Amino acid sequence: MDKKYLMGIDVGTQSAKVVIFDTDGNVICEGKQALRKLDIPAPQLAEHPDDDLWASLTSAFNRVMENFQALGGKSQNILAMGLCVIRCCRVLLKENGELAYPVINWMDKRLNKPYEYQEAYRGVKYVTTTSGYITHRLTGEFRDTCANYIGWWPMDNDTLDWSTDPAQWQSCNLTRDAVFDVVKPGEVLGTLTEAAARRLGLHAGIPVIATAHDKAVEALGAGTLEPGVALISLGTYIGAMVHGKENRQDAKNFWPFQASVPGRYLYECMGVRRGMWTVSWFRDQFGAAAQADAQRQDLSIEDLLNLEASQVPAGCEGLLTVHDWAPPSEAEFRKGAMIGFDGRHTRGHMYRSMLEGIAFTMKNHMDKMAEELGIPFKNLIISGGGANSDVFMQIFADIFGIPTRRNAMKGSAAVGCAINAGMAVGVFDDYAKATQKMVRMGEHFSPNAAHHQLYNQLNQRVYQRVNAQLDPLLQALSPLVD
């Protein structure tokens, strides 16, 4: 009897990835394609060029299927595919489902407000999400997951369906005929059309399964279902989250979003905008000299920078990085900063300081969430490409002072997609059991007590006070340069 498979589709800000798993959770093969750089037509605007999300995903599909067929795999043995696409974007479609305007990325300041019609949006019939758009490209359906509507949308997170309150629709400048139908995570969005199947190298009729927004899918795929276990997702946006059982609408230090497990919720605190993007920016802008050194040592540039960072003392001998390369909506004047330079500091200090700045920022946000929930964090799971770095993993363990682990598959969104897909077609009958089967734990990192004590002092005495000191200067700077 032929083996059966599940497929996970994970489209983020920087790349599209498709992974094929067997039903025991083993990774069979994957295909990946980098997205093009965002168009930045003006400060704090960000658009995906042309039809880049679909084009990049098509390339990732073609690559995974080439690998799959080389291993003797047959597309008719793929039972279902779970779909996860970057959240908090806005997609404007014509009546036939084609783009009426480039996809507006989550870093664009237009996403801080409700949808507003502009002259450039002529021909718009539907306002939807990236997952709604890709669902349509795959299935031809005008349908989406209910769990990817974050921000200015008339979504009822208790009923997991569109709101019945006219005032909420009015506040979002939307009407019911302008949005897609929705289904819950783990339900069928539609089946792969003949046209899409031919283009992607697949078998028509494969069910396409709803998941949630990307961070919620990562949380499911990372195995963070137990109280006190938090996930830090290292992406272009770095988020931190725990699973919960109720829609905490009174929360002050976190947002209650729909989870990728239907009827459960994901509590997520403030994160770091352009988090890992900033690390990539540093590598690309200042890595020319490091590239030659890396080649001489037969290392990748990432491995060299991590090696140099590992040789820098905890605390970077006073060099601190403030991660406001993309400011929060409530303080658009903020900008990134590095402070504390002196003659000791090297490329390795700068790189490590950026990693420490991310961990400091996340700890300060997460501590407030833990206090409000009344559940201290006892373990961290780190997902995303940055989890490959031993030095970054140790920094998290030392700054938080708790055991920290990564999973065997760092990109846990693809695993979460496969879990939702497997639940939809009866491979699994319970989310907890499915998680135990699909999630493979990786290395653990224990905190260094001396480093934790030093980091606490740096955080409390300096890092937590930086914004209050810099804000007046940056408020004066912003109108002069923006």
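Residues numbered from 1 in each chain as written. Predicted model: local features only at pLDDT ≥ 70, side-chain atom pairs only at ≥ 80, totals over all residues. Heavy atoms only, no water.

*Asks:* Teacher, can you tell me more about the packing of aromatic side chains here?
*Replies:* The geometry of an aromatic ring pair is captured by the separation of the ring centres together with the interplanar angle, meaning the angle of the planes. Overall, the coordinates contain 20 aromatic pairs when judged by the stated rule. When the ring of Y101 is compared with that of Y121, the centres are 4.9 Å apart and the planes differ by 75 degrees; the resulting orientation is edge-to-face. With Y101 in the loop between β5 (91-93) and β6 (126-128) and Y121 in the loop between β5 and β6, this residue pair connects regions lying 20 residues apart in the sequence. Both residues of the pair, Y101 and Y121, belong to the buried class. When the ring of F282 is compared with that of Y351, the centres are 6.1 Å apart and the planes differ by 40 degrees; the resulting orientation is tilted. (Phe/Tyr/Trp six-rings, centres within 6.5 Å; stacked < 30°, edge-to-face > 60°. Helix = DSSP H or I, 4+ residues; strand = E, 2+ residues; numbered from the N terminus. Buried < 20%, exposed > 50% of the residue type's maximum accessible area, 1.4 Å probe, protein only.)

*Asks:* It is not clear to me how the pairing of strand β15 (residues 255-258) should be interpreted in this structure. Could you clarify?
*Replies:* Regular strands have side chains that alternate between both faces of the sheet. For β15 and strand β16 (residues 265-272), the ladder comprises four bridges, and the chain directions are antiparallel. By the bridge assignment for β16, F257 is matched with L266. Taking the residues that link successive antiparallel strands as the turn, the β15-β16 hairpin has six residues, and the phi of G263 there is positive, at about 85 degrees. (Pairing = 2+ DSSP bridges.)

*Asks:* Is there a simple way to explain the pairing of strand β3 (residues 27-34) in this structure?
*Replies:* Where strand β2 (residues 15-22) lies against β3, seven bridges are found, and the strand directions are antiparallel. Considered in β3, the bridge of V18 is made with G31. Linking two consecutive strands that pair antiparallel, namely β2 and β3, is a turn of four residues; a positive phi of about 95 degrees is found at G25 within it.

*Asks:* Looking at this structure, how should I read the sheet that holds strand β4 (residues 78-85)?
*Replies:* Backbone hydrogen bonds are what pair the strands of a sheet, in a parallel or an antiparallel way. As summarised here, the arrangement of the six strands in space is β3-β2-β1-β4-β12-β11, forming an open sheet in which the pairing is mixed. A single partner strand is all that each edge strand has here, and the edge strands are β3 and β11 (188-191). If you compare each strand with its neighbour and ignore which way they point, the axes differ by 20 degrees on average. Of the strands in this sheet, β1 (5-11), β2, β4 and β12 (207-210) touch helix α11 (residues 412-424), which is tilted by about 135 degrees from β1. (Axes fitted to C-alpha atoms, helices over the stretch in contact; angles between N-to-C directions. Contact = heavy atoms within 4.5 Å.)

*Asks:* Please explain the pattern of salt bridges as it appears in this structure.
*Replies:* Oppositely charged side chains may form a pair once their charged atoms are brought near each other. On inspection of all chains with the given rule, the structure shows 26 salt bridges. For K3, the salt bridge identified is with D22, shortest N-O distance 3.0 Å. Separated by 19 residues along the polypeptide, K3 in the segment before β1 and D22 in strand β2 bring together distant segments of the chain. One salt bridge in this structure joins E119 and R122, with 3.5 Å as the shortest N-O distance. A single burial state applies to E119 and to R122, both of which are exposed. Overlapping salt bridges bring together D293, R296, E308 and R347 as one network. (Salt bridge = Lys/Arg side-chain N within 4 Å of Asp/Glu carboxyl O.)

*Asks:* I keep staring at the side chain of R352 and nothing clicks. Help me out?
*Replies:* By the element assignment, R352 lies in helix α9 (residues 347-373). Among the residues examined, R352 registers a relative accessible area of 6% and is labelled buried. A distance of 3.0 Å separates a polar atom in the side chain of R352 from the backbone oxygen of A309. Engagement of the side chain of R352 in a polar contact is seen with the side chain of Y455, the distance being 3.1 Å. Not counting the four nearest positions on each side in its chain, R352 is found in contact with A309, S310, V312, P313, A314, C316, V391, I395 and Y455. (Polar contact = N/O pair within 3.5 Å; in protein donor to acceptor, adjacent residues only side chain to side chain.)

*Asks:* Explain the packing of helix α5 (residues 214-222) against α11 to me, please; I cannot follow it from the model alone.
*Replies:* When two helices pack together, their arrangement is given by the angle between the helix axes and by the axis-to-axis distance. Taken N-terminus to C-terminus, the directions of α5 and α11 make an angle of 80 degrees; their axes are 7 Å apart at the nearest point. Classified by the angle between their axes, α5 and α11 sit roughly perpendicular to one another. Packed against α5, whose contacting residues are V217, E218, L220, G221 and A222, the element α11 presents S412, A413, V415, G416, C417, I419 and N420 at the interface. (Parallel < 35°, antiparallel > 145°, perpendicular 65-115°, else oblique.)

*Asks:* Help me understand the UniProt feature "domain: Carbohydrate kinase FGGY C-terminal" (unreviewed entry) in the chain, please; the structure alone is not making it clear to me.
*Replies:* Under the feature "domain: Carbohydrate kinase FGGY C-terminal" (unreviewed entry), the UniProt entry names residues 231-424. Helix makes up 42% of residues 231-424 and strand makes up 19%, while its end C-alpha atoms are separated by 25 Å. (UniProt positions renumbered as here; feature names shortened; annotations may be inferred.)

*Asks:* So what exactly am I meant to see when it comes to the environment of I78 here?
*Replies:* Mapped onto the fold, I78 is located in strand β4. Judged by its relative accessible area of 4%, I78 is buried. As for I78 and S310, which are separated by 232 residues in sequence, their C-alpha atoms are 43 Å apart. In contact with I78, other than residues within four places in its own chain, are Y5, M7, I20, M65, F68, L202 and I206.

*Asks:* Quick question: what am I supposed to make of α11 here?
*Replies:* Owing to its 3.6 residues per turn, the α-helix aligns residues three or four sequence positions apart on the same side. Here α11 spans 19 Å end to end across 13 residues, near enough to the 18 Å set by a 1.5 Å rise per residue. The element α11 is largely enclosed, with a buried count of 12 among its 13 residues. Those residues of α11 that fall on the buried side of the exposure criterion are S412, A413, A414, V415, G416, C417, A418, I419, N420, A421, G422 and M423. Of the residues flanking the end of α11, it is G426, one or two places downstream, whose phi is positive at about 85 degrees. (Expected span 1.5 Å × (residues − 1).)

*Asks:* Looking at this structure, how should I read the sheet that holds strand β14 (residues 238-244)?
*Replies:* The sheet built from seven strands is open, its strands ordered β15-β16-β14-β13-β19-β20-β21 with mixed pairing. In this open sheet, the two strands that pair with only one neighbour each are β15 and β21 (441-445). Between one strand axis and the next, the sheet turns by 30 degrees as a mean value, whatever way the strands run. Where β14 meets β16, six bridges bridge the pair, whose relative direction is antiparallel. In the sheet register, M241 faces β16, and the bridge partner there is E268.

*Asks:* So what exactly am I meant to see when it comes to the side chain of T278 here?
*Replies:* If you trace the backbone, T278 turns up in helix α6 (residues 275-286). For T278, a relative accessible area of 0% translates into the label buried. Look past the residues within four positions of T278 in its chain and what remains in contact with it is H323, W325 and M354.

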